[in-house]
Structures are given as structure tokens and as C-alpha cells.
Amino acid sequence: MPAQAYAGKDCVCQLRKGICDQSCVQGMLDTPFYIACLKLSGRRCLVVGGGEIGLEKVEGLLACDADVTLVAPQANPELQALAAEGSIAWQQREYEPGDLEATFMVIACTDDTDTNIRVFDDAERRAMLVNIVDVPPLCNFILPAIVRSGPLAIAISTAGASPALAKRMKREVSELFGEEYARLAIMLNDARGWAKGTLPTYQDRKLFFESIVNGEPDPIALLRAGDEQAVLDLIAAAQQTHATA
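Rules used in this analysis
Residues numbered from 1 in each chain as written. Predicted model: local features only at pLDDT ≥ 70, side-chain atom pairs only at ≥ 80, totals over all residues. Heavy atoms only, no water. Helix = DSSP H or I, 4+ residues; strand = E, 2+ residues; numbered from the N terminus. Buried < 20%, exposed > 50% of the residue type's maximum accessible area, 1.4 Å probe, protein only. Contact = heavy atoms within 4.5 Å. Areas by Shrake-Rupley, 256 points an atom, 1.4 Å probe, with all protein chains shown as cover. 1 Å grid on protein atoms, 1.4 Å probe; cavity = no way out; pocket = protein on both sides within 12 Å on 5 of 7 lines; lining within 4 Å. Points joined across faces, edges and corners; volume = space filled by probe spheres on them. Nonpolar A, V, L, I, M, F, W, Y, C, P; charged D, E, K, R; others polar. Polar contact = N/O pair within 3.5 Å; in protein donor to acceptor, adjacent residues only side chain to side chain. Pairing = 2+ DSSP bridges. Axes fitted to C-alpha atoms, helices over the stretch in contact; angles between N-to-C directions.

Colleague: Any chance you could explain the overall build of the chain here in plain terms?
Modeller: On a plain count of helices and strands, the chain comes out with nine helices and seven strands. Residues counted as buried form 36% of the 245 residues belonging to the chain. Restricting to contacts in the chain with at least 6 residues of sequence separation, those with at least 24 account for 51%. On the chain, roughly 13900 Å² of surface is accessible, and the fraction owed to carbon and sulfur atoms is 51%.

This is the structure in C-alpha cells:
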């Protein structure tokens, strides 16, 4: 897999400098990234590269219900198994520009710089989302570390400065925001229909939910203690209070 650009290493970006001088990543940490959660269900996403990193990216896309196609002459056994069971489509050959047709996103993780640059250039011409793994100048989006628990997803990014730090933060965040937060999110979602049908304004609905989340007793503490009924009682009490306000 191509290593992130650093001085003295062979250039792996579109500047083709021969030896990297890091000019391609100057200002990277000052780049403001627009954070978004993408809905990938049913969308065609392409992964170019059949190694361990390719497997990681394929699994991440499948976890979001994407329609995944892998392009690679060779693939590791896990990817081959996913293809054999029909979870992904595997084009067992080198990348071709036509692979990007009707595609929402492409992630490339090959060890061939020319291929990576072609994927990036072809995707940019189509105004597509493209990420060449570990080569920041060949990306128009980055992939943060993700903490998932039920409907909750917490993204952690260091703008590429330190993946190791992002992994540490992911571990600590996952310990801080456990499954009780996911359970509360589900319970509050169950109350959304009532709120929309009963409370006339956005501000009314905002105050209703904030009174539960930030109220006393603390619903998270109750869930940590295993007292889900007490949280349901809190929601019911808030409904009665705000319905008659």
C-alpha cells in the first residue's frame, strides 16, 4: 500500500516529483473539511485493490448497505469468499476508467502509483467522491475513525495528521459513550412521532427533547443502572407536561 507522503520517499501523488518534498500536503491541517454522513444503501461503490486494506474498505461499505464492486486482478481469501457468496461483485482484472460509470464513490488502495493517479483523475473529471488510501493529495474526502453503537455514529478525524491518535480517541470515545446512549437514542426516536403530531413548533419539540436528555434524574445514569422503565416514565412525564403547556 502506498505510504503517506513524506520528504525523501518516492513521490506517490499527481505532482510526480520523483522524490517527495511534501509540497502536496502543505496546508493539509488548515483545510476545513465539511463533515457529512452519507447514505450508501443501494448505491454502487467501487474499491480498487484486493489486499488487506481493500478488505477493510469493502467491509466498511458493506456495513452501510452499499452495493460494492471490487476491481483487482487478485484478492485475498476473505474478499474471494465475499464474492463467492454474492455479497460483492468482483471484476478480476486491472482497473479501467469505465469502472466508474454509474458509481457514487471510489476508494483505491493499490501499490501502483500510476493506477492510483488514474483513478483519482478519472473520478475528479466525473465530480465523484474519491479516496486514494493514505495519499492525501489524491483524495477529495477523508475517512474518519468511526465509533458505532446502534443508531449512533461518532466520527473522529485528525485531518490525516495522526491515524494512531484517531484510533486512541476512538477507543476512549467508545468507552465514554456506551450502549446506553444508543438505547436512549432509540427511545427518543420512538417519541418523535408523538412530538411531531402534538407539539406545533420546532422550538416546542426542541424543548421537549432537551428536557428529557438534560433533565433530572439523568436518563443515561438510569440506563446504566438497568432501569429502562424509569426512562420511559421520564418521557411520559415530559409528554404530559409539554402537551398541556
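Having seen the model, we can carry on.
Colleague: How should I be thinking about the side chain of lysine 57 in this particular structure?
Modeller: Here lysine 57 shows up in helix H1 (residues 52–63). The class for lysine 57 is buried, based on a relative accessible area of 16%. In contact with lysine 57, other than residues within four places in its own chain, are Val47, Ile107, Val133 and Leu143.

Colleague: Whenever I open this one, the layout of surface pockets confuses me. Can you help?
Modeller: One water molecule sets the probe size; rolling that probe over the atoms shows where empty space is left. A volume near 1700 Å³ is recorded for the largest pocket. Taken together, 47 residues line the largest pocket, and the ones lying closest to its centre are Ile142, Leu143, Pro144, Ala145 and Ile146. The biggest single contributor to the lining of the largest pocket is H1, with six residues. For the lining of the largest pocket, the residue count by class is 34 nonpolar, seven polar and six charged. Lining the second largest pocket are 20 residues, with Gly49, Gly50, Cys109, Thr110 and Asp111 sitting closest to its centre.

Colleague: I'm lost on the environment of threonine 103 in this one. Help?
Modeller: Position of threonine 103 among the secondary structure elements: in the loop between strand E3 (89–91) and strand E4 (105–108). Along the backbone, threonine 103 and valine 68 are 35 residues apart, and their C-alpha atoms lie at a distance of 9.7 Å. With near-sequence residues (within four places) excluded, threonine 103 lies in contact with Arg44, Cys45, Leu46 and Met128. A polar contact of 2.3 Å, which involves the side chain of threonine 103, links it to the side chain of arginine 44.

Colleague: In this structure, what is going on with the sheet that holds strand E2 (residues 67–71)? I would like to understand it.
Modeller: Through backbone hydrogen bonds, the strands of a sheet pair up, either in parallel or in antiparallel fashion. Here we have five strands laid out as an open sheet, ordered E3-E2-E1-E4-E5, and parallel in their pairing. Edge positions in the sheet fall to E3 and strand E5 (129–132), since each has one partner strand and no second. Neighbour-to-neighbour, the strand axes of this sheet turn through a mean angle of 15°, independent of strand direction. The strands that H1 touches are strand E1 (44–48), E2 and E4; relative to E1, the one it contacts most, it runs at about 170°.

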